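# Chains, contacts and geometry: an overview
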Amino acid sequence: MGLFDSTRVLAGIALMVVGSLLFLPAVYPISSQLFTYALVGGTALLTLGTWLVGTSEGGPAV
């Protein structure tokens, strides 16, 4: 089974991309407080996406 054959893997990759993109505005030096709060959502999406990809195959999680 290939990496991109599972919808679980594709959803995990999409969540990781969106979660990573939510980090970018917060690292800008003149970002507002709203972008700092976006880090919480970005962290949650990145963690969930990593978990989905890591547990998509049988056996121990990566």
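Residues numbered from 1 in each chain as written. Predicted model: local features only at pLDDT ≥ 70, side-chain atom pairs only at ≥ 80, totals over all residues. Heavy atoms only, no water.

### Points about helix 3 (residues 33-54)
Here helix 3 is 22 residues long and its end C-alpha atoms lie 32 Å apart, about the 32 Å a rise of 1.5 Å per residue gives. Every buried residue of helix 3 is listed here: Gly42, Gly49, Leu52 and Gly54. In this structure, the buried residues of helix 3 make contact with helix 1 (7-21). (Helix = DSSP H or I, 4+ residues; strand = E, 2+ residues; numbered from the N terminus. Expected span 1.5 Å × (residues − 1). Buried < 20%, exposed > 50% of the residue type's maximum accessible area, 1.4 Å probe, protein only. Contact = heavy atoms within 4.5 Å.)

### Some thoughts on the environment of leucine 48
Within the element layout of this structure, leucine 48 appears in helix 3. A relative accessible area of 40% means that leucine 48 is categorised as partly exposed. With 20 residues separating them along the chain, leucine 48 and tyrosine 28 place their C-alpha atoms 25 Å apart.

### Concerning the confidence of the model for the chain
For the chain, per-residue confidence averages 84 on the pLDDT scale, and 92% of positions sit at 70 or higher. Looking across the chain, the model is least confident in helix 2 (residues 24-27), with a mean pLDDT of 83, and most confident in helix 1, with 92. (pLDDT = per-residue confidence, 0-100.)

### Side note on the packing of helix 1 against helix 3
Working note: a packed helix pair is described by the angle between its axes plus the distance between those axes. Between helix 1 and helix 3, whose axes approach to 7 Å, the crossing angle comes to 155°. Taken together, helix 1 and helix 3 sit at an angle that is classed as roughly antiparallel. Every pair of crossing elements has a handedness; the one defined by helix 1 and helix 3 is left-handed. Note on element contacts: helix 3 touches helix 1 through Gly42, Leu45, Leu46, Leu48, Gly49, Thr50, Trp51, Leu52 and Val53, opposite Arg8, Val9, Ala11, Gly12, Ile13, Leu15, Met16, Val18, Gly19 and Ser20. (Axes fitted to C-alpha atoms, helices over the stretch in contact; angles between N-to-C directions. Parallel < 35°, antiparallel > 145°, perpendicular 65-115°, else oblique. Left-handed = near helix turned anticlockwise from the far one by under 90°.)

### Structural notes on the side chain of serine 6
Within the secondary structure, serine 6 is located in the segment before helix 1. When its relative accessible area of 14% is taken as the criterion, serine 6 is described as buried. At 3.1 Å, the side chain of serine 6 forms a polar contact with the backbone nitrogen of arginine 8. (Polar contact = N/O pair within 3.5 Å; in protein donor to acceptor, adjacent residues only side chain to side chain.)

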